[in-house]
Amino acid sequence: MDIVFHGAAGEVTGSCHLVEVAGKRVLLDCGMVQGDRQADERNAADFPFDPKTIDVLVLSHAHIDHTGRVPLLVKRGFAGPIFTHPATIDLATIMLADCANIAMIDAEHDNRHLRPGQKPSVPLYTQDDVDAATKRMRPIEYGASTEILPGVRVTLRDAGHILGSATVEIDADENGVTRKLVFTGDLGPNNTPILCDPAPVPAADLVVMESTYGDRLHKSREDTIAELAAIFAAAHKDGGNVVIPAFAVGRTQELLYFFAGHFDAWNLGAFKLFLDSPMAIRVTAAYDRHENLFDAEAKKLWATRPQPLQLPNLTLTADGEASRRINDIHDHAVIMAGSGMCTGGRIRHHLRHNLANPAAHIVFVGYQASGTLGRIIVEGAKHVRLFGDDIPVRAHVHTVGGLSAHADKDGLSAWYGRIAGHPPVCLVHGEDPGRSKLAVELKGKWGSKVTLPMPGTRVTV
Ligand SMILES: [Zn+2]
């Protein structure tokens, strides 16, 4: 069994790895590159393999950096089945449709300003391509060993990262020997609200492990809750709005879950709450369809009342007109809107209306990539450009760092440490020097043989 690394090798997005076994080709993930200046070009470029030669695709989870190029793969000739968890099918259907919609809007925008002789922009893919891709998806539950090709089996286990996220175990018989490869996808931290902890994997001949936070330790859950409590107390006293750039999948539902659990302690009844993101609204509804995947605490909450994330004073604003009406509220509104890094979407309107208000609080709850508006505000800009206007930043700006969906250095090391015999490991989905530091940790603590693959690196299992 061979694995060739074609994406997220030395960076954190664009997950894509090709497994060659028993004369067949199994692709693990097919994600988009995000955040990088050449992202659009890289996502539209040829695949480093012929999509027609791929027999099967397996998806670890629904995040776009793991699934975003799947409709393109199908458009360019992939004709096999796509195996993944049922909740990932549910979420990917929502998220890929959003991607196709953004691609269409971007192309229309580009084509409005065409110079004579300039070629019109074409969207990377359309909703028809998304439909063609989702039709190929076949559900696999956690823990069920499923034969995906003659002599090749896949087992998914809960990765605790987002709803439906899975570690992927591929075992195959080749020349009378069984070899086992484990791909982590993205691993969640223990004690993530709503989700179960990442499930242990008993054994492997090779582990391909993510390393996003390979050199960092997260703040504790208790400290994070105390931080949020202090922000709401200050916002109540100051009398401004609280604006939260929201990631639609996972983080938004986690925040709503915290709101439900601390509703009285944080005096949330004194605020009007808004979830101002059509995609986050659809994903939140999807959570209600997958209660069976929750941890014991969340199952208890869902058993006591239906749709517990739908708080009594929460307004879901699916249409643009309702979103615009929020602009007339200047105090005691909590506004969660996408995108999480403020690169587009409704959050930019809310920032325009609140950044200049010294009584407002802007709360960042996730990673802000270099060059994004979110990063510029977090780094203390005094003015930002929004819709052609120069907006002074007078609001309080907070970064709440303890809500990460990824395991930190200790979490990754402990999860790996439970695998029998501490097999060789390839670190992906991490930048250097972060993943190099994790490599040092794994070699020192467990005596592991560690590879840091680059695009095109081939490893034999
Ligand atoms: Zn992810």
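Report follows, based on the coordinates.

The rules behind the values
Residues numbered from 1 in each chain as written. Predicted model: local features only at pLDDT ≥ 70, side-chain atom pairs only at ≥ 80, totals over all residues. Heavy atoms only, no water. Helix = DSSP H or I, 4+ residues; strand = E, 2+ residues; numbered from the N terminus. Rg over C-alpha atoms; globule rule 2.2 N^0.38 Å. Contact = heavy atoms within 4.5 Å. Areas by Shrake-Rupley, 256 points an atom, 1.4 Å probe, with all protein chains shown as cover. Core = buried A, V, L, I, M, F, W, Y, C linked by side-chain atoms within 4.5 Å. Buried < 20%, exposed > 50% of the residue type's maximum accessible area, 1.4 Å probe, protein only. Donors = N, O, S within 2.8 Å, 3.2 Å for Na, K, Ca; no water. Tetrahedral: all angles 85-135°; square planar, octahedral: opposite > 155°, others 65-115°. Patch = residues over 30% accessible without salt bridge, like charges linked within 9 Å, V, L, I, M, F, W, Y side chains within 5 Å. Salt bridge = Lys/Arg side-chain N within 4 Å of Asp/Glu carboxyl O. Lys, Arg positive; Asp, Glu negative; His and termini not counted. Charge placed at Lys NZ, Arg CZ, Asp CG, Glu CD. Axes fitted to C-alpha atoms, helices over the stretch in contact; angles between N-to-C directions. Parallel < 35°, antiparallel > 145°, perpendicular 65-115°, else oblique. Nonpolar A, V, L, I, M, F, W, Y, C, P; charged D, E, K, R; others polar. Pairing = 2+ DSSP bridges. Phe/Tyr/Trp six-rings, centres within 6.5 Å; stacked < 30°, edge-to-face > 60°.

1. Focus: the overall build of the protein chain
Within the protein chain one finds 14 helices and 22 strands. Taking 2.2 N^0.38 as the reference for a compact globule, 461 residues should give roughly 23 Å; the C-alpha atoms of the protein chain span a radius of gyration of 22 Å, in line with that estimate. Seen through its principal axes, the protein chain has C-alpha atoms that stretch 70 × 60 × 40 Å. Counted over contacts in the protein chain with a minimum sequence separation of 6, partners at least 24 positions apart contribute 73%. Here the protein chain displays about 19000 Å² of accessible surface, and carbon together with sulfur accounts for 52% of that area.

2. Thoughts on the nonpolar core
Counting residues in each nonpolar core, the largest one holds 77 residues, and the members touching the most others are Leu27, Leu57, Leu91, Tyr125, Ile244 and Phe259. Sort the elements by how many residues they give to this core and helix α4 (residues 86-111) lands first, with 9 residues. Setting aside residues no more than four positions away along its own chain, Tyr125 makes contact with Met32, Gly68, Pro71, Leu72, Lys75, Leu96, Cys99, Ala100, Ala103 and Val130. Core analysis: the second largest hydrophobic core is formed by 29 residues, Val26, Ile148, Val154 and Leu181 among them.

3. Observations regarding the coordination of the zinc ion
Each protein donor to the zinc ion is listed here as His61 (NE2), His63 (ND1), His161 (NE2) and Asp186 (OD); together their distances run 2.2 to 2.3 Å. Given 4 donor atoms and angles of 89 to 166° at the metal, the environment of the zinc ion is assigned as irregular. Read N to C, the donor residues that coordinate the zinc ion are spaced as H-x1-H-x97-H-x24-D. Of the two residues, His63 is situated in the loop between β4 (56-58) and α2 (64-67) and His161 in the loop between β8 (152-158) and β9 (166-174); the sequence distance between them amounts to 98 residues. Here His161 falls in the buried class, since its relative accessible area comes to 3%.

4. Concerning a negative patch on the surface
Where like charges cluster on the molecular surface, the negative patch consists of Asp40, Glu41, Asp106 and Asp110. Following the sequence through the fold, Asp40 ends up in helix α1 (residues 39-44).

5. Re unusual backbone geometry
Apart from glycine, the bulk of residues carry a negative phi angle, and the bulk of peptide bonds sit in the trans form. In this structure, Ser339 follows Gly338 across a cis peptide bond, with omega equal to 5°. Of note, Ser339 is situated in the loop between β15 (333-337) and α11 (347-354). With omega at 10°, the peptide bond leading from Asp432 into Pro433 counts as cis. Mapped onto the elements of the fold, Pro433 is located in the loop between β20 (425-428) and α14 (434-446). Even without being a glycine, Asn175 presents a positive backbone phi close to 50°. Inspection of the secondary structure assignment puts Asn175 in the loop between β9 and β10 (177-183). Overall, the relative accessible area of 77% leaves Asn175 in the exposed class. Of note, the phi angle at Cys342 is positive, near 65°, even though the residue is not glycine. Secondary-structure assignment places Cys342 in the loop between β15 and α11. Take Cys342: its relative accessible area is 0%, and that puts it in the buried class.

6. What about the packing of helix α6 (residues 221-238) against helix α7 (residues 251-261)?
At a closest axis distance of 12 Å, the pairing of α6 and α7 adopts a crossing angle of 75°. Here α6 lies roughly perpendicular to α7, going by the angle between them. Here Arg221, Ile225, Leu228 and Phe232 of α6 lie close against α7, whose contacting residues are Glu254, Leu255, Phe258 and Phe259. Class assignment for the residues of the contact of α6 with α7 results in 6 nonpolar, no polar and 2 charged.

7. Notes on the sheet that holds strand β19 (residues 396-399)
Here 6 strands make up an open sheet; going across it, the order is β14-β13-β15-β12-β16-β19 and the pairing parallel. Both edges of this open sheet fall to β14 (314-316) and β19, since each of them pairs with a single strand only. Strand-to-strand twist across the sheet, computed as the mean angle between neighbouring axes with direction ignored, equals 20°. Sheet topology note: the strand β13 (residues 272-276)/β15 ladder contains 5 bridges and is parallel.

8. Section: the side chain of Arg435
With respect to the secondary-structure elements, Arg435 resides in helix α14. Overall, the relative accessible area of 0% leaves Arg435 in the buried class. Excluding residues within four positions of it along the chain, Arg435 makes contact with Ala9, Gly10, Ser211, Leu427, Gly430, Leu452, Pro453 and Met454.

9. What about the packing of aromatic side chains?
For the structure shown, the criterion picks out 8 aromatic pairs. Consider the rings of Phe232 and Phe271, whose centres lie 5.9 Å apart with planes at 75°: the pair is edge-to-face. Here the residue Phe232 occupies a position in helix α6, and Phe271 occupies one in the loop between α7 and β13, the gap between them amounting to 39 residues. For Phe232, a relative accessible area of 2% puts it in the buried group.

10. Quick look at the sheet that holds β20
The strand order β7-β8-β9-β10-β11-β20-β21 describes an open sheet built from 7 strands, whose pairing is mixed. One side of each edge strand has no neighbouring strand; the edge strands of this open sheet are β7 (146-149) and β21 (450-451). Pairing of β20 with β21, which is carried by 2 bridges, proceeds in the parallel orientation. Each residue of the ladder has a partner; that of Val425, found in β21, is Val450. In this fold helix α13 (residues 409-417) packs onto β9, β10, β11 (206-210) and β20, with an angle of close to 165° to the strand it touches most, β11.

11. Considering the pairing of β8
Burial analysis of β8 places 7 of its 7 residues in the buried class, the great majority of the element. Where burial is concerned, the two faces of β8 agree: the one with Val152, Val154, Leu156 and Asp158 and the one with Arg153, Thr155 and Arg157 are both buried. Bridge count between β7 and β8: 3 bridges; the pairing is antiparallel. Residue pairing for β8: Glu147 is matched across the bridge by Arg153. As consecutive antiparallel partners, β7 and β8 are separated by 2 residues, and within that stretch Gly151 has a phi angle of approximately 80°, a positive value. Bridge count for β8 against β9 is 7 bridges, and the pairing is antiparallel. Note on β9: the bridge partner recorded for Val152 is Ala172.

Keep in mind these numbers describe shape, not what the thing actually does.
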